[in-house]
Every structure is written in structure tokens, then in C-alpha cells.
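# Descriptive analysis of the structure
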Amino acid sequence: MYAVTGGRTVPRSNLAMEALVSSATSVQLGPTYSREYRAISELCRQVRSVAEVSALLAVPLGVARVLIADMEAEGLVRVYQPQLEAAGTPDRNLLERVLSGLRRL
């Protein structure tokens with residue numbers, strides 16, 4: 001995984017594990033892209049959280065965050081960050097939905 005992320009452990013942008021990711025293209029990525037990029041693009045044809053992508057690809061969450069942030073910068077995926085309350089904390093309903101989703105995994 002070190003080679004896949006170029007040794008980086010922190011994504012270029014602040015990417016929450018509950019952020020939703022969708023593919024920005026309807027075509028399959030070609031062989032010029034890494035195997036991981038192609039797998040993320042395929043998985044995200046259906047909207048998924050960063051945590052789901054990590055679990056489904058069996059890669060550490062940090063690796064998934066770095067790859068997804070890189071793909072967002074290249075315009076390959078769209079990321080929808082969770083809305084925070086005024087105090088800067090996630091909405092309770094959001095946290096309950098994430099917990100429910102994690103239990104289903």
C-alpha cells in the first residue's frame with residue numbers, strides 16, 4: 001500500500017470517513033489508471049461512504065482516503081462531505097445512519 005499512495009498517509013483534502021463518494025464518469029477507467037483507481041470507480045457507480053470503499057476493497061481506511069482524495073482532485077469521483085452542526089460536530093442523525101451502515105457490513 002505504501003507504493004500505491006506514494007508513501008502518503010494523509011489525504012490532500014480533509015476527507016471524512018462518512019463522506020459519500022460517487023463515480024464522476026459513466027465509462028470504465030482504462031489501463032492507464034491503477035488497479036485501485038479502477039476498482040474505486042466501479043464500486044462508486046453506486047454511492048458509497050469512504051468507510052465502505054475501504055472495507056469492500058480490504059484496504060486500510062487511510063489508504064482509501066488518500067486514493068479517493070487523489071481521484072477527486074483528478075475529477076474521477078465526486079465527494080459529498082457530511083454537513084456539520086453549528087458547533088462543528090456531525091449531526092446526530094448522520095452518526096446514527098453511519099452506525100447502522102457499519103452494522104450491516
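The paragraphs below set out a description of the structure included in this document. Every value quoted in this text rests on a predicted model; they were computed, and no experiment measured them. (Residues numbered from 1 in each chain as written. Predicted model: local features only at pLDDT ≥ 70, side-chain atom pairs only at ≥ 80, totals over all residues. Heavy atoms only, no water.)

A few words on the overall build of the chain. Helix and strand counts for the chain come out as four helices and three strands. Traced from its N-terminal end to its C-terminal end, the chain shows the element sequence β-α-β-α-α-β-α. Computed over its C-alpha atoms, the radius of gyration of the chain comes to 14 Å, within 12% of the 13 Å expected for a compact globule of 105 residues. Overall size of the chain, expressed as C-alpha extent along the three principal axes, is 40 × 25 × 25 Å. For the chain, the proportion of its 105 residues judged to be buried stands at 34%. In the chain, the proportion of contacts linking residues at least 24 apart, taken out of those at least 6 apart, comes to 67%. Of the side-chain charges in the chain, 12 are positive and 10 negative, and the distance between the mean point of each set is 4 Å. (Helix = DSSP H or I, 4+ residues; strand = E, 2+ residues; numbered from the N terminus. Rg over C-alpha atoms; globule rule 2.2 N^0.38 Å. Buried < 20%, exposed > 50% of the residue type's maximum accessible area, 1.4 Å probe, protein only. Contact = heavy atoms within 4.5 Å. Lys, Arg positive; Asp, Glu negative; His and termini not counted. Charge placed at Lys NZ, Arg CZ, Asp CG, Glu CD.)

What follows covers the sheet that holds strand E2 (residues 48–49). What the three strands build is an open sheet, ordered E2-E1-E3; its pairing is antiparallel. Every other strand in the sheet has two partners, leaving E2 and strand E3 (77–80) as the edge strands with one partner each. (Pairing = 2+ DSSP bridges.)

For the rest of this paragraph, the subject is the pairing of strand E1 (residues 20–23). Pairing geometry for E1 and E2, over two bridges, is antiparallel. By the bridge assignment for E2, Leu-20 is matched with Ser-49.

What follows deals with the pattern of salt bridges. Applying the stated rule across the entire model yields two salt bridges. With its nearest N and O atoms 3.4 Å apart, the salt bridge here joins Arg-35 to Glu-36. Arg-35 sits in the exposed class, given a relative accessible area of 61%. Across the salt bridge formed by Arg-45 and Glu-42, the nearest N and O atoms sit 3.1 Å from each other. (Salt bridge = Lys/Arg side-chain N within 4 Å of Asp/Glu carboxyl O.)

Right, let's talk about the side chain of Ser-22 for a bit. Of note, Ser-22 is situated in strand E1. Each residue touching Ser-22, except ones within four places of it in the same chain, is listed here: Cys-44, Val-47, Val-77, Arg-78 and Tyr-80.

With that settled, the discussion passes to the nonpolar core. Membership of the largest hydrophobic core comes to 19 residues, with the highest contact counts inside it found for Leu-15, Val-21, Ile-40, Ile-68, Met-71, Val-77 and Val-79. Going through the elements one at a time, helix H1 (35–43), helix H2 (50–57), helix H3 (61–73) and E3 are the ones with two or more residues in this core. If you tally residues by element for this core, the top one is H3, at six residues. Once residues lying within four places of it in the same chain are set aside, the contact partners of Val-77 are Val-21, Ser-22, Ser-23, Ala-24, Ile-40, Ile-68, Met-71 and Glu-72. (Core = buried A, V, L, I, M, F, W, Y, C linked by side-chain atoms within 4.5 Å.)

Everything listed here is a matter of coordinates, which is why it stays silent on function.
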